[in-house]
Each structure stands twice: as C-alpha cells, then as structure tokens.
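Residue strings, one per chain:
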Amino acid sequence: MDVTHTAALPHEAAPPLTALRHKHLLGIADLSAEEIVLVLDTAEAMKEVGQRTIKKVPTLRGRTVINLFFEPSTRTRTSFEIAEKRLSADTLNVAIASSSVVKGETLVDTAMNLEAMSPSMIVLRHASSGACHLLSRICKAAIVNAGDGMHEHPTQALLDAFTIRERKGRLKGLKVAIVGDLLHSRVLRSNVLLLTKLGAEVWVCAPATLIPPGLPQMGVRVTTKVEHAVEGADVIMMLRMQLERMQGGYFPSLREYFTTFGMTEARVKLARPDAIIMHPGPINRGVEIASEVADGSASVILDQVANGVAVRMAVLYLLAGGTDDETVA
Amino acid sequence: MDPANRRDGVLDVLIDGDRIADVGKNLTADGAEIVNVPAGLIICPGFIDMHVHLREPGQEHKETVATGVASAVAGGFTAVACMPNTKPVNDNAGVTQLILQKAREAGLARVYPIGAVSRGQKGEELADIAELKAAGCVAVTDDGLPVATAILARRALEYTSMFDMPMIEHCEDQSLKGDGVAHEGPVAASLGLRGIPGVAEAITAGRDILLAEMTGGHVHIAHMSAWTTIEAVRQGKSRGVKVTCEVCPHHFSLTDDLLAAPIAYDTNTKMNPPLREARDRDAMIAGIVDGTVDVISTDHAPHHYDEKNVEFDRAPFGIVGLETAISITLDKLVHTGLIGVPRMVELMSVNPAKILRVPGGTLSAGAPADITILAPDLPVTVDKTKLVSKSKNTPYHGWSFKGGVAATIVGGKVVYSNPATGFLQ
C-alpha cells in the first residue's frame, strides 16, 4: 500500500486516523498535527505495556528491524532496541565500528546489502543530514530516522511532546522555551516543527552565533536573552552545548556560556512555578544546566528517557501497520 | 546574427576552408557546396564556454578532453576554456601541452587551457605564468579555490598584466565558507545543511576588484551567484576598473528551493557556488539584462555517478552544463523577452572571445569559420541518459525547454548537427 503522498482528507469527512500516512518516518516536517496526536495517543497504550510484569506484546512478531547506527548513541539505540523487543520484533544492531563502512563501503551499498536480507524496518542514525531520505529512495524497508546530521530527530520531539502532554495535559497555548545550540541541533528543528504544529508558543534562545536563519518564518520567537525566553514559561527545554562549538569560535568559553545562558535556579524562578525542565541528554552539568536544576523536582529529564521507549513502540507499531507481509503462501 | 559587425538578416555565409570568406546577399563562388539552412534557424558566431572542467589529466573517470569536446559541440559550443584543477594541476607547460595534444587528437571543439595562478594551486607562490602563456594558456586561475591571499592576488594581477591575460577568480572567502555545503538561508537551515553565505563570494570579489583597480590588472569574476557580488562588480565597472564577470545558467534559472523538492537532498543540486535565493537569482537576471554581466559560462563540472550517489554533505560540488546552457538561456532569457538573441550572442560568443583574447565571436571575413546554429523554437527535453558528456550529473533531468542547437561548425566542418531541426549537412 503506497500511502506516502495521500493528501489529507477534509476534516469533517475523515474517520479517526488509525495509521500514519507515510511509509517512513523521515521527519516531523512530513507529519500532520493529526498524525502526531495519533502517535502520542498510541504511545499511551504502549506505556501501559511497559508497566506490566511481562513487558512484551506480539505485535511485530516475525518482523526484522535493523538498528543502523553510524554515530555513537547509547540512549537512542537502547531505547529503540527495548521498544522493538517489547513488540517482539527480531532486532539487530549494526554499529559503524563493526560494519563494512570501515572497509570503504558507501551508505548506499550498505543499505542495499541490508535490504537484500528483507528487513521490515531500518532505524537509521547518521551524521549526514538527509541520509534517511537517501535510504528511503533505495530501500523497500520502512526507514525510521533516529537522528540525521543537523536535520531532524523526530522520535525525540515526539517523546518530548508526550512528556509535556503527560505533565501539562496539553500542548496548545503552552510557552516552551528552548535554549542552547540552535544552529547545529536536530532536536531543535524537530521540536520547533512539532510544537508549532500543535499550537505551543515557542521561544528559542542562543548566542547570536548559534542562531540559524529562517526561525521566525517557522513561527517561533527568537531571543538572545535567556531571561526573556524563560519568563512565564511552562516548559524549559535545554539543548546540549558541545565543547567543539567553543573550539569552533561560536563563543569564548564554557564558563561564559554558563553565566550567560546556563539554566540556573535563579533563571528557573522566572518561569511559571509549575514549569518543567527538559533535556534530550546527554547533559553537560555546569555548562548548559546547573546540577540543582537537572536533579531538581521540576526536572522531567528521566521521564523523557522512560517515555522514549513508549513513543518509539508507537512509531514502530504505526509504521508496521500498513504493511502486509505476515501471510506465508 | 553577428552583433560584432552589427549584422542581423537573412544572408549567405561563404566559407573558404577553415575561414569565413564573406557574409552577404546572394554570394556565389566557383564549386561552392550549398548548405540550405532552414528558415527559423539562426546562424551565430561560434559559442565559447570559458569555464569548463575537462578533468584530464587525472580524473578521466569523470570526463576526458575527448568526451568533453564532444559534449561541447553537442551543446553548441565551438570552443571551451578548461580549468587547471586537474591532477596534476595545469601549472606548467607540460600539462598545458598534454591537454592541447589531447584536444588536437579529439578535434571537434577548440580547447583553450587556463593555467594555475599558483604552483599546485596551493596559494603560496606564482606558477610559471610566462611559460604557461607561451605553451598556450589564455588566462590563469586557481578555480576550485580562490587565490589564497590578497598579496598573491595582487602579484598575479600585476604579473598577468604583462601578458595581456585575465586572472579569473573563484570568489569565496574560505573562512566564511567553512565546511558549508549549501547556500546559507532558510532552506539549508530547514534541511540541516551547513551554509555558505553569499557574502563569502562578494568579499573576495570586492578584494580583487580593488586590487585590479590598484594594479591595472584584469580580473574576471567567475560563476557569480550572490546579489552582493554583482553589486561589487557594478560599482567596479562604474569606476572604470578592468573587471569582467560571468554567470552560469543554473544561477539565473534555479534557486535553493530545489534542494528540498521535488527530490530532497538531490546531490545534483549541489554545486559551488551554491544555488541561492530568489533575490540572488533575480540579481543575476538583472545583471544580464542591464549589461553588468559579460558572459554566460557553464562551469561544466562532471562527476561520476558513484561520487554523487552518497550523502549530500559528502558529495562533490558541481554539475554538467555544456549540453543544457543554450536551451536554458533561450527558454529563460530570450523567450521570456528579457534579452534578445544579439545579447545572447554577446554573452556566449563575442565577450568570451574578447576576455580571453582568442579568435572568434564574429562572422567577419577572415575569422575562423566557427559557427553555432541555433534552433530557437526546438522543443528540448533533457534526458541525462542521453548526454554526450561522460558524466550525467545534471539537475535538469526531465526538464523541458524551448530552444536548442541545430548545428555546430568548427573550422568550416560540421562537427554536430541535429536532424530534428531540419538542418541537413
């Protein structure tokens, strides 16, 4: 069933959505608000599975899922693997160090070889933006983007939204402040796309050297004053600041970054009293976030990790739903 | 159509051997073979593409001199000037002579090698420019890279002025380019691609225009893409600086929207300088219309399929252009009424000949019988599998244009003809 380019049906005529309209999950950019809500609702049920004693359902039995990771990742890869196992998929991990890439094989050749073994899905993490698009054009398997370069990290944005909705009951109308390296962040891009689609008021904040063009056109407020961003916020989302950005000359020192943009208890006080603190991890204590904040009562950082499994189960389940490869002739 | 002689009419062209003997009404000559050119086709002085990468020596898997000139004549070009970033670099007479030897063996189009500004294109010391000139180079450039420093550019402009040859500049401040792969703007930001700002080009252009003004040398600004660069050239020209410039068809016909759709991250939309925004594209068109732009060149940059069939940021920069330039120019500039055919001939024949100080650009008696015959109304659909070039990396695959090439004549010989236009040899 090719549903990749099906146009949205008129709202009043449409039955409740039960599947994604896309074969692949390449980015939040391709998803409608309705599809995002479907993933979040499905993840509620999946979360319940994770709370059972026997945390396993037969949904993806007989399906092969390959986790193809060209960048080091602990959290995301583990989260996908647990999600796949809870859905009874046959999973395997292909990490760059043990793959043929070190022998000079191209991404396309690697993908075609994996494809020849007929996996149902490939979960791809890659340093190049657009790597998932490239794979989606050559593979029959559904491609799930687990982070491509500086482009998107859709399951992270979905689990962030799930966590916000779980705590706040909604996304619409919430003030969400995102602070950190906006220029190089795939988490930022996916979150901006998702949060604006669901009606949140999104503020983003970074040093002027780390602000990409085009953000106002995406419907977000841009500021270089962290106090403005967090004032009255319902959600504060910190992004990781990598040491290499300092080495790249984007700002003078980690110390100055922390004093100017770091999330301290004093700055958190500017937000709403019930504000939650989020971070996609891994966190740099004392660089973008003070330990008191990261470990404080408002922090939902570990909830995000826990919810990641449920959200990824939902994505895998919904993407598998359209395929019909269970019958054996 | 002969703008160099202000001639435009239904006239006979008499060719004697490899030279034009006469142009006029009802010409006759004893024993002359008569070639009837169907009505609607336009006889022009041979088109010259002054910015081509032939890849030989060293990268023959992308293109060779022989396949490159075959592509050139199929695209209506009677001559090409080839860039020195071969392996090894064309920074000495040996490489220049090799290219010219390969060109003689191939026949078809004329080939004018361009030498390197700096030895090995390393940006450190001047190449042996007198030797390059003597061996047949018509200009120098470090194309692929800018001339590395202001002092080297100054010396190159001073030194080349002795030989009456231009220094061609690939304008790009390397620190601003960084590891950018696409135009810095909202499209690259939404695709998560590292940006190359337009001013990276204009800063180097500005530097070289000031240095040309100071030294009296001739700088030719290659493949302009940013509105700020055109502005710098316009200002330089208004002050009388010896600056000329060129624009490629992709920069006046495409924008960076093509990186996102219809094929997201298509590596055939990746070239350097990159496709930029509508404002930049419109500035290129305005510069072509108002006379600021001297030349339309292609920056024909063949790359092998395997090299392009990779992640966007790992793919090499560049697209082929020889076989699509005339169709794009006729369709996007002439048929839209922005320019007339005489201006197109200036941009693609008269001015490149002047800038490189090579024969051509005219149908004057005694000039080489290099002729491009346009079929301005020919419907053309680009099919990359049918390109003559060894490489197929074009973003125009499947695009339809109005206008094409009927025939290409070099030194009095028909080296390419398209039967679909009614032109019969």
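For clarity, every value in this text was computed on a predicted model and none was experimentally measured. (Residues numbered from 1 in each chain as written. Chains lettered and ligands numbered in written order. Predicted model: local features only at pLDDT ≥ 70, side-chain atom pairs only at ≥ 80, totals over all residues. Heavy atoms only, no water.)

**Let's talk about the overall build of chain B**
- Scanning chain B for helices and strands turns up 13 helices and 17 strands.
- Relative to the globule expectation of 22 Å for 425 residues, the C-alpha radius of gyration of chain B, 20 Å, shows essentially globular dimensions.
- For chain B, the spread of C-alpha atoms along the principal axes amounts to about 65 × 50 × 40 Å.
- Within the span of chain B, comprising 425 residues, buried residues form 59% of the whole.
- Residue pairs at least 24 apart in sequence account for 76% of intrachain contacts in chain B once pairs closer than 6 positions are excluded.
- Roughly 15600 Å² of accessible area belongs to chain B as shown, and the carbon and sulfur atoms make up 52% of that amount.
- Once the 38 positive and 51 negative side-chain charges of chain B are each reduced to a mean point, those two points are 1 Å apart. (Helix = DSSP H or I, 4+ residues; strand = E, 2+ residues; numbered from the N terminus. Rg over C-alpha atoms; globule rule 2.2 N^0.38 Å. Buried < 20%, exposed > 50% of the residue type's maximum accessible area, 1.4 Å probe, protein only. Contact = heavy atoms within 4.5 Å. Areas by Shrake-Rupley, 256 points an atom, 1.4 Å probe, with all protein chains shown as cover. Lys, Arg positive; Asp, Glu negative; His and termini not counted. Charge placed at Lys NZ, Arg CZ, Asp CG, Glu CD.)

**Describing the interface of chain B and chain A**
- The interface is formed by 19 residues belonging to chain B together with 20 residues belonging to chain A.
- Across the interface of chain B and chain A, roughly 1400 Å² is buried in total on both sides, 58% from carbon and sulfur atoms.
- Seen at the junction of chain B and chain A, the total is zero salt bridges.
- Along the contact surface separating chain B from chain A lie six residue pairs in polar contact (both at pLDDT 80 or more). (Buried area = accessible area lost by both parts, 1.4 Å probe. Salt bridge = Lys/Arg side-chain N within 4 Å of Asp/Glu carboxyl O. Polar contact = N/O pair within 3.5 Å; in protein donor to acceptor, adjacent residues only side chain to side chain.)

**Some details on a nonpolar patch on the surface**
- A cluster of nonpolar residues, B:Leu176, B:Val199 and B:Ile203, forms a patch on the protein surface that exposes about 230 Å² of accessible area.
- By the element assignment, B:Leu176 lies in helix H5 (residues 174-177). (Patch = residues over 30% accessible without salt bridge, like charges linked within 9 Å, V, L, I, M, F, W, Y side chains within 5 Å.)

**Looking at the pattern of salt bridges**
- Taken as a whole and judged by the stated rule, the model has 39 salt bridges over all chains.
- A:Lys47 is the partner of A:Glu166 in a salt bridge, and the nearest nitrogen-oxygen pair spans 2.6 Å. Of the two residues, A:Glu166 is situated in helix H5 (residues 154-168) and A:Lys47 in helix H1 (residues 33-50); the sequence distance between them amounts to 119 residues.
- B:Asp208 serves as the salt-bridge partner of B:Arg207, at 2.8 Å between the closest nitrogen and oxygen.
- A residue is classified by how much of its surface remains accessible, and B:Asp208, at 0% relative accessible area, is buried.
- Because the salt bridges share partners, they merge into one network encompassing A:Lys168, A:Asp234, A:Arg272 and A:Asp274.

**Re the sheet that holds strand S17 (residues 413-417) of chain B**
Residues and elements named next belong to chain B.
- Within the open sheet, the four strands sit side by side as S3-S15-S16-S17. Their pairing is antiparallel. Pairing within the sheet leaves two strands with one partner each, and these edge strands are strand S3 (42-45) and S17. This sheet shows a mean twist of 35° between the axes of neighbouring strands, independent of strand direction.
- Strand direction decides the pairing type here: S3 and strand S15 (residues 371-381), joined by four bridges, are antiparallel. (Pairing = 2+ DSSP bridges. Axes fitted to C-alpha atoms, helices over the stretch in contact; angles between N-to-C directions.)

**Concerning the packing of aromatic side chains**
- Enumeration according to the criterion identifies seven aromatic pairs over all chains in this entry.
- Between A:Tyr257 and A:Phe261 the ring centres are 5.4 Å apart and the planes differ by 25°, which places this aromatic pair in the stacked class. Here A:Phe261 and A:Tyr257 lie together in helix H9 (residues 254-261), a separation of four residues that amounts to about one turn.
- Taking relative accessible area as the criterion, A:Tyr257 reaches 1% and is therefore assigned buried.
- Relative to B:Trp399, the ring of B:Tyr396 has its centre 5.3 Å away and its plane inclined at 85°; by these criteria the two rings are edge-to-face.
- Residue B:Trp399 is classed as partly exposed on the basis of its relative accessible area, which comes to 27%.
- Ring-pair connections join several aromatic residues into one group, and the members of that group are A:Phe251, A:Tyr257 and A:Phe261.
- Its guanidinium or amino end placed over the ring of A:Trp203, A:Lys175 lies 4.2 Å from that ring's centre, counting from NZ or CZ.
- The residue whose ring lies beneath B:Arg279 is B:Trp227, and the NZ or CZ to ring-centre distance is 3.7 Å. (Phe/Tyr/Trp six-rings, centres within 6.5 Å; stacked < 30°, edge-to-face > 60°. Lys NZ or Arg CZ within 6 Å of the ring centre and 35° of its normal.)

**Overview of the layout of surface pockets**
Residues and elements named next belong to chain B.
- Quantified by volume, the largest pocket comes out at close to 1100 Å³.
- Lining the largest pocket are 36 residues, with Asp-12, Val-13, Val-35, Val-37 and Ile-43 positioned closest to its centre.
- Counting residues per element, the ones that place at least two in the lining of the largest pocket are strand S1 (12-16), S3, S15 and S17.
- At four residues, S1 tops the list of elements feeding residues into the lining of the largest pocket.
- Of the residues assigned to the lining of the largest pocket, the class counts are 23 nonpolar, seven polar and six charged.
- Looking at the second largest pocket, its volume works out to about 910 Å³. (1 Å grid on protein atoms, 1.4 Å probe; cavity = no way out; pocket = protein on both sides within 12 Å on 5 of 7 lines; lining within 4 Å. Points joined across faces, edges and corners; volume = space filled by probe spheres on them. Nonpolar A, V, L, I, M, F, W, Y, C, P; charged D, E, K, R; others polar.)

**Section: the side chain of B:Ser327**
Residue and element names in this part refer to chain B.
- Looking at the element boundaries, Ser-327 is found in helix H12 (residues 325-334).
- Residue class for Ser-327 comes out buried when judged on its relative accessible area of 6%.
- Ignoring anything within four residues of it in the chain, the contact list for Ser-327 reads Val-380, Phe-401, Lys-402, Gly-403 and Gly-404.

**Points about helix H13 (residues 341-356) of chain B**
Residues and elements named next belong to chain B.
- Taking 1.5 Å of rise per residue, the 16 residues of H13 would be expected to cover 22 Å, and the 22 Å separating its terminal C-alpha atoms lies within 8% of that figure.
- With 13 of 16 residues buried, H13 lies mostly within the body of the structure.
- Looking one or two residues past H13, Arg-357 carries a phi angle of roughly 55°, positive in sign. (Expected span 1.5 Å × (residues − 1).)

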